[in-house]
Amino acid sequence: MDIKEFVANSIGRWRSQRSAHHLAFGHFEAVQSEIDIVSLSIDDLAVIDLCKMYSMDPEFAVSPFRMSWEGQSDWDENEAVKGTCILVPIPDPAQSNRGKLLRDQGYAEEIAAVGDYYLTDDGTFVLITAYERAAAEEKIWFVNPNVRCRVSLIKTSAGTGVVTASFSSEIRQNS
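Residues numbered from 1 in each chain as written. Predicted model: local features only at pLDDT ≥ 70, side-chain atom pairs only at ≥ 80, totals over all residues. Heavy atoms only, no water.

Draft legend 1. Looking closely at the overall build of the chain. Scanning the chain from terminus to terminus reveals two helices and 10 strands. Ordering the α and β elements of the chain from the N terminus gives α-β-β-α-β-β-β-β-β-β-β-β. When its C-alpha atoms are laid out on the principal axes, the chain stretches across 45 × 45 × 35 Å. Expressed as a percentage of its 175 residues, the buried residues of the chain come to 37%. Of the contacts made within the chain by residues no fewer than 6 positions apart, 46% connect residues no fewer than 24 positions apart. Accessible surface, the chain as shown: approximately 9400 Å² in total, 51% of it carbon and sulfur. (Helix = DSSP H or I, 4+ residues; strand = E, 2+ residues; numbered from the N terminus. Buried < 20%, exposed > 50% of the residue type's maximum accessible area, 1.4 Å probe, protein only. Contact = heavy atoms within 4.5 Å. Areas by Shrake-Rupley, 256 points an atom, 1.4 Å probe, with all protein chains shown as cover.)

Right, here's the structure in full:
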């Protein structure tokens, strides 16, 4: 599987159930959310701007997309968990299963971020992103075309200690 196929398989609306262990707080959190993943055009202004932010030529971008989410956490039932971000894969021309993933908003910190991704032989997408105060490692794989799983680790900035570990199961919503 390459990044184009992975993104194409991810397009749609997903119902997510995430279980997170916040080790720093000794707290367990359950989050239910809806995730919308939609394709963007290579010439979308937001895609071009994000590429320019990282001095990347937009012509090397493939399968850009927008991901939006809205849900509810049992940690703070009065506050909705929601957001949106633009993601732009830039494959490595020498290795089609590797590349950079540009984000206008990160996962571990709400700042723009660039991560390194690779796809394993079994189709698992692995993303490693260094932030200012943390590092994130995410793995996403498909159980079948309408079910995918995601494991996320938020680590200390040195990458030596795990702060949060989570598992999500996501089911495509057919309309």
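Draft legend 2. Examining the sheet that holds strand β3 (residues 65-73) more closely. The 10 strands lie next to each other as β1-β2-β3-β4-β5-β6-β7-β8-β9-β10, forming a closed barrel whose pairing is antiparallel. In this sheet, neighbouring strand axes are inclined to one another by 25° on average, regardless of whether the strands run parallel or antiparallel. Bridging between strand β1 (residues 12-22) and strand β2 (residues 27-39) involves 11 bridges; their strand directions are antiparallel. Directly across from A20, in β2, lies its bridge partner E29. Each of β1, β2, β3, β4 (80-92), β6 (113-119), β7 (125-130), β8 (134-144), β9 (147-156) and β10 (162-172) touches helix α1 (residues 3-10); the most contacted strand, β8, lies at about 75° to it. Contacts from helix α2 (residues 45-53) reach β4 and β5 (95-103), with the element oriented near 65° to β4. (Pairing = 2+ DSSP bridges. Axes fitted to C-alpha atoms, helices over the stretch in contact; angles between N-to-C directions.)

Draft legend 3. Examining α2 more closely. Those residues of α2 that fall on the buried side of the exposure criterion are V47, L50 and C51. Across the axial projection of α2, the buried residues extend over an arc of 100°, all falling on one side. In α2, the exposed positions angled more than 90 degrees off the buried face are occupied by L45 and K52. Where the residues of α2 are buried, they touch β4 and β5. For α2, the side-chain oxygen to backbone nitrogen distance between the N-cap and A46 is 2.8 Å, and the N-cap itself is D44. (Arc of directions from axis to C-beta. Polar contact = N/O pair within 3.5 Å; in protein donor to acceptor, adjacent residues only side chain to side chain.)

Draft legend 4. Region of the structure containing α1. All buried positions along α1 are accounted for by I3, F6, V7 and S10. Taken around the axis of α1, the buried residues stretch over an arc of 95°, which confines them to a single face. Among the residues of α1, the N-terminal cap falls to D2, whose side-chain oxygen and the backbone nitrogen of K4 are separated by 3.2 Å.

Draft legend 5. Main features of the pattern of salt bridges. Scanning all chains against the criterion turns up eight salt bridges. Residue R13 pairs with D36 through a salt bridge whose shortest N-O separation is 2.7 Å. Of this pair, R13 sits in strand β1 while D36 sits in strand β2; the two residues are 23 residues apart in sequence, bridging distant segments of the chain. Residue class for R13 comes out partly exposed when judged on its relative accessible area of 41%. (Salt bridge = Lys/Arg side-chain N within 4 Å of Asp/Glu carboxyl O.)

Draft legend 6. Quick look at unusual backbone geometry. Even without being a glycine, S55 presents a positive backbone phi close to 55°. Among the secondary structure elements, S55 is positioned in the loop between α2 and β3. Even without being a glycine, S63 presents a positive backbone phi close to 50°. Classification of S63 as partly exposed rests on a relative accessible area of 24%.

Draft legend 7. Spatial organisation of the side chain of R150. Inspection of the secondary structure assignment puts R150 in strand β9. Among the residues examined, R150 registers a relative accessible area of 10% and is labelled buried. In terms of polar contacts, R150 uses its side chain to reach the side chain of E170, at 2.5 Å.

Worth remembering: the numbers are spatial, not functional.
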